[in-house]
Amino acid sequence: MFEIIKLLFDICLFRKGPQHLPYSPWLLRITIVIYAIINFLMINISVGWLYALFIVAIGILIVVGFSWTMLYFGHRPGRFYQTTCALLGTDALISFFAVPGVASMAIGGMTLLAFSVMIGLMIWHWAITGHIIRNALDQTLMFGLSLAFLYLLVSYQVMVLLFPEVTGVE
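J.: Could you clarify how one ought to interpret the overall build of the chain in this entry?
T.: Secondary structure summary: the chain contains 7 helices and 0 strands in total. Ordering the α and β elements of the chain from the N terminus gives α-α-α-α-α-α-α. Against the compact-globule benchmark of 15 Å for 170 residues, the chain has a radius of gyration of 16 Å, which places it among compact chains. Burial statistics for the chain: of 170 residues in total, 41% are counted as buried. By sequence separation, contacts in the chain at least 24 residues apart represent 65% of the contacts at least 6 residues apart. Only carbon and sulfur atoms are counted for the fraction: they give 74% of the accessible area of the chain, which is about 9,400 Å². Charge-centre separation for the chain: the mean point of 7 positive side chains lies 15 Å from the mean point of 6 negative side chains.

In structure tokens form, the structure reads like this:
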């Protein structure tokens, strides 16, 4: 498992791509569980556990659905396990690093430091997602970043639509 975490860190540092992860349905299941646990802990800081469960479940469906759709239309369905593991695993790593910032904002309000850290993590997440997409579809980085931006924007909008009271939009 240490090797998988190291590979995910290398993807986060743009040294490797999703193709370096093993093709494994088992790894996808483990990655989904780790993603769910870390995101549940992060989201549960600011909302109740039931909402946190729903948000995490929808988040998993969005990532899996996006990955499958992207690879299907990109004529690369054989890369589903690796790409989805990379998307979920890197998101879990970034979410893990975001937990202190989210907790700080929940306890002490929005400070400049916490806000700056969260913006930095969001930009890093966007860049990593673009990097994964670029490698998964054998496209340019600009294409990967553009598709990643659309994906993140649409996924955020879906969450706002489904959970307006949690996201603060009413």
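Now that the structure has been shown, the text picks up again.
J.: Can you help me understand the packing of helix α1 (residues 2-12) against helix α4 (residues 80-108) in this one?
T.: Two quantities define a packed helix pair, namely the angle between the axes and the distance from one axis to the other. In contact at an axis separation of 10 Å, α1 and α4 are set at 85° when each is read in the N-to-C sense. Relative to α4, the element α1 is oriented roughly perpendicular. For the pair α1 and α4, contact is made by Leu8, Phe9, Ile11 and Cys12 and by Cys85, Ala86, Gly89, Thr90, Leu93 and Phe97, respectively. Along the lines of polarity and charge, the residues of the contact of α1 with α4 split into 8 nonpolar, 2 polar and no charged.

J.: Quick question: what am I supposed to make of the packing of aromatic side chains here?
T.: Here the distance between the centres and the angle between the planes together describe a pair of aromatic rings. Following the criterion strictly, the structure yields 9 aromatic pairs and no others. Here the aromatic rings of Phe80 and Tyr81 are separated by 5.7 Å at their centres, their planes lie at 65°, and the arrangement is edge-to-face. The class for Tyr81 is partly exposed, based on a relative accessible area of 22%. Pairwise contacts between aromatic rings join Phe9, Phe96 and Phe97 into one cluster.

Calculation rules
- Residues numbered from 1 in each chain as written.
- Predicted model: local features only at pLDDT ≥ 70, side-chain atom pairs only at ≥ 80, totals over all residues.
- Heavy atoms only, no water.
- Helix = DSSP H or I, 4+ residues; strand = E, 2+ residues; numbered from the N terminus.
- Rg over C-alpha atoms; globule rule 2.2 N^0.38 Å.
- Buried < 20%, exposed > 50% of the residue type's maximum accessible area, 1.4 Å probe, protein only.
- Contact = heavy atoms within 4.5 Å.
- Areas by Shrake-Rupley, 256 points an atom, 1.4 Å probe, with all protein chains shown as cover.
- Lys, Arg positive; Asp, Glu negative; His and termini not counted.
- Charge placed at Lys NZ, Arg CZ, Asp CG, Glu CD.
- Axes fitted to C-alpha atoms, helices over the stretch in contact; angles between N-to-C directions.
- Parallel < 35°, antiparallel > 145°, perpendicular 65-115°, else oblique.
- Nonpolar A, V, L, I, M, F, W, Y, C, P; charged D, E, K, R; others polar.
- Phe/Tyr/Trp six-rings, centres within 6.5 Å; stacked < 30°, edge-to-face > 60°.

Read these as geometric descriptors, not functional statements.
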